[in-house]
Amino acid sequence: MHVESIYKNANALLEGHFLLSSGKHSRYYLQSAKVLESPKVAEELACALAAMIKMHSLEIDTICSPALGGVLAGYELARALGKRFIFAERVNGEMSIRRGFDIAQGEKILVCEDIITTGGSALEAARVAQSMGGIIVGFAALANRGFCQRVGSELKGKPTCKLPHDVPFFALADFEFDIYEPSECPLCKEGSKAIKPGSRGN
Ligand code: ZN
């Protein structure tokens, strides 16, 4: 499966000058919502991810995603695996699991995102699920930004990866591109201004 072509065909691999949530700048941005606006494509991606996870005969009871970004990918993955789906959401900045979702003691949970960069939100969702009695058996994402090491890739993780090393991380592809400190950003030096993805209709 050519995940990069799928993102390009959906105009989801944006080129410009972007201010990332980490505060860093980048020439590229992955807008997964554009890929997932097609339920058929979302299903194909989730089925490929599910097949990859099944090869590792991981025992999973439930998929949990951090809202909002991870919800569509996680829901489709849960459907493909035939598992329950719940989500975590930020309330006043704190990740929490609400909406009447219960987690049983020892329930095996896989945390699913659309994109994993350093894995910060995924880790926060995992911690909340753990605090309610869940056991985190894996992490998954449609795409990996190259900071964390995924199962089956030779690309080594970076020290900034926040995901635990003793739990497998599954993703369909690595999308590695440079990010810059604002003071060292070549795009800023050319005189353009970084924009927040989503702020101008992108
Ligand atoms: Zn810049």
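Note: the structure precedes this text.
Just so it is clear, the structure is predicted and the values come from calculations on it, not from any experiment.

## Side note on the pairing of strand 2 (residues 25–30)
- Judged from the 5 bridges that link them, strand 1 (residues 13–19) and strand 2 form a sheet pairing that is antiparallel. Bridge assignment links Phe-18 to a residue of strand 2, and that residue is Ser-26.
- In this antiparallel pair of consecutive strands, strand 1 and strand 2, the connection spans 5 residues, and Gly-23 shows a positive phi of 95°.
- Two elements, strand 2 and strand 9 (residues 179–180), share 2 bridges in a ladder whose sense is antiparallel. Bridge pairing in strand 9 links Ser-26 to Ile-179.

## With respect to the state of the cysteines
- According to the stated counting rule, one finds 1 disulfide in the structure shown.
- Put simply, Cys-148 and Cys-161 are joined by a disulfide, and their sulfur atoms are 2.2 Å apart. Here Cys-148 and Cys-161 share a disulfide; its torsion about the S-S bond, 105°, makes the bridge right-handed. On the criterion of sequence distance, the pair formed by Cys-148 in the loop between strand 7 (135–144) and strand 8 (169–174) and Cys-161 in the loop between strand 7 and strand 8 is long-range, its members being 13 residues apart.
- In this structure Cys-148 comes out as buried when scored by relative accessible area, which is 1%.
- Looking at the unpaired Cys-64, the closest cysteine sulfur is the one in Cys-112, lying at 10.0 Å.
- Among the residues examined, Cys-64 registers a relative accessible area of 0% and is labelled buried.

## Let's talk about the nonpolar core
- By size, the foremost hydrophobic cluster in this structure holds 35 residues, and its most contacted members are Tyr-7, Ile-63 and Leu-77.
- Within the residue set of this core, elements represented by two or more residues are helix 1 (3–9), helix 2 (32–36), helix 3 (39–54), helix 4 (71–81), strand 4 (84–91), strand 6 (108–116), strand 7 and strand 8.

Each value, and the rule that gives it
- Residues numbered from 1 in each chain as written.
- Predicted model: local features only at pLDDT ≥ 70, side-chain atom pairs only at ≥ 80, totals over all residues.
- Heavy atoms only, no water.
- Pairing = 2+ DSSP bridges.
- Helix = DSSP H or I, 4+ residues; strand = E, 2+ residues; numbered from the N terminus.
- Disulfide = S-S within 2.5 Å.
- Buried < 20%, exposed > 50% of the residue type's maximum accessible area, 1.4 Å probe, protein only.
- Core = buried A, V, L, I, M, F, W, Y, C linked by side-chain atoms within 4.5 Å.

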